[in-house]
Amino acid sequence: MTTTTETHGVDPAPTPLALLLLGRQADPNSERGVECPGDLPPASDPDLVERARAAKAALGDRVFILGHHYQRDEVIEFADVTGDSFKLARDAAARPEAEYIVFCGVHFMAESADILTSDAQQVVLPDLAAGCSMADMATAEQVAECWDVLTEAGIADVTVPVSYMNSSADIKAFTGKHGGTICTSSNAKRALEWAFEQGQKVLFLPDQHLGRNTAVLEMGFSLDDCVLYNPHKPNGGLTAEQLRNARMILWRGHCSVHGRFSLDSVNEVRARIPGVTVLVHPECKHEVVTAADMVGSTEYIIKALDAAEPGSKWAIGTELNLVRRLAKAHPDKEIVFLDRTVCFCSTMNRIDLPHLVWALESLVDGRVPNVITVDPETEKYAKAALDRMLALP
């Protein structure tokens, strides 16, 4: 049966609760300082489209534009490659002839691209306000204090840090300096297996849900093996005994989009669409992941929909831009957004066509705007952590 995004509710209505939860009012657990747009703006001015085409053509091979899967369609149209954050950073490193890497994503992604590209290349982020609330939930000072707590508990020497790709360069550098590795949502299990070969415990930063879901659902750990370190409480809100008994020390961080999906979301979509397959990202809460039919990274979700049978029904628990794009790409399948009350990733949506045009035209005029540069010391240790991930079997 052929369906459209409108008839099957891929676009959720921006309820007052949703706007409250995603930062329009004073919710301390929401994205700080970020307003939810509620809906994407109207189609871009045709002049902007022509200006983007002209600027990109004028720059030619000197520019390489990266578009994260969660970007707006109007931006993806001009991307040379699309993908998740680490794939894009590696793609940039594989294009040494490009003087300018324009990263249409968020800040930590541009940092990773700067770490992996050559000194001759400059990484540009079209809007410096495009951050990541999850990455912001772990600062270098907080993590250093956490390590002091682990040291006082007598377990730092047997603890290996594993940091999710969705972290700042400072956190990646901390991880590298303390013998740890980076992981993506695709290889988190391999990274944890490696870490437990090096030590007895793992400090997992900054996404508690990916760490918990991987350890419990893929490695056979129990929920009791995991403790949650809260950087806003003395000693992380944990006793030394709790830290010594734990195998997974999870940082209290989360994705402000994936963290909004609930068990009610899953139950509601199953009642509304009989026979639906629920597919969610591992950044979702543990109860959501355990209630889903399938769990996987952004790339996994895309491949699963590509391989799905015509007429199959899917509810997808990930960022709405991607779900909309998948629904449009697969009109022979019924593809809906898992929850009606969660909007787009607000920070990712700060990169829009006006910002991209401004960045490209600045480059044409000989100005290099919003350059993302990681200092040499941070880059050295962050790259060590990334290299350990690349060396994983």
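If you look the protein chain up in an unreviewed UniProt entry, it shows as Quinolinate synthase from Kitasatospora cystarginea. In UniProt, the protein chain has this text filed under Function (unreviewed entry): "Catalyzes the condensation of iminoaspartate with dihydroxyacetone phosphate to form quinolinate." The annotation that UniProt attaches to the protein chain under Pathway (unreviewed entry) is "Cofactor biosynthesis; NAD(+) biosynthesis; quinolinate from iminoaspartate: step 1/1."

Moving on, we come to the overall build of the protein chain. A tally of regular secondary structure across the protein chain gives 17 helices and 14 strands. When burial is assessed residue by residue, the protein chain has 59% of its 393 residues classed as buried. Within the protein chain, residue pairs in contact and separated by at least 24 positions form 67% of the contacts whose partners lie at least 6 positions apart. With an accessible surface of roughly 15900 Å², the protein chain has 50% of that area assigned to carbon and sulfur atoms.

All right, on to helix α12 (residues 263-272) then. Taken as a whole, α12 has its buried residues at Ser265, Val266 and Val269. Seen end-on, α12 carries its buried residues on one side only, within an arc spanning 95°. Along α12, the residues that are exposed and aim more than 90 degrees away from the buried face are Asp264 and Ala271. The inward-facing, buried residues of α12 abut β10 (277-280), α13 (286-291), β12 (313-317) and β13 (334-337).

Next up on the list: the packing of helix α2 (residues 46-59) against helix α16 (residues 353-364). At a closest axis distance of 9 Å, the pairing of α2 and α16 adopts a crossing angle of 35°. Of the two possible hands of crossing, α2 and α16 adopt the one that is left-handed. For the pair α2 and α16, contact is made by Leu48, Val49, Arg51, Ala52, Ala55, Ala58 and Leu59 and by Leu353, Pro354, Val357, Leu360, Glu361, Leu363 and Val364, respectively. Of the residues contributing to the contact of α2 with α16, the split by class is twelve nonpolar, no polar and two charged.

Turning our eyes to something else, we now look at the nonpolar core. One finds Val102, Phe204, Met248 and Val278 to be the most contacted residues of the largest nonpolar core, which totals 107 residues. Setting aside anything within four residues of it in sequence, one finds Val278 in contact with Val266, Val269, Arg270, Ala292, Asp293, Met294, Ala315 and Leu338. Core analysis: the second largest hydrophobic core is formed by 21 residues, Val143, Phe174, Leu205 and Ala246 among them.

The rules behind these values
- Residues numbered from 1 in each chain as written.
- Predicted model: local features only at pLDDT ≥ 70, side-chain atom pairs only at ≥ 80, totals over all residues.
- Heavy atoms only, no water.
- UniProt positions renumbered as here; feature names shortened; annotations may be inferred.
- Helix = DSSP H or I, 4+ residues; strand = E, 2+ residues; numbered from the N terminus.
- Buried < 20%, exposed > 50% of the residue type's maximum accessible area, 1.4 Å probe, protein only.
- Contact = heavy atoms within 4.5 Å.
- Areas by Shrake-Rupley, 256 points an atom, 1.4 Å probe, with all protein chains shown as cover.
- Arc of directions from axis to C-beta.
- Axes fitted to C-alpha atoms, helices over the stretch in contact; angles between N-to-C directions.
- Left-handed = near helix turned anticlockwise from the far one by under 90°.
- Nonpolar A, V, L, I, M, F, W, Y, C, P; charged D, E, K, R; others polar.
- Core = buried A, V, L, I, M, F, W, Y, C linked by side-chain atoms within 4.5 Å.

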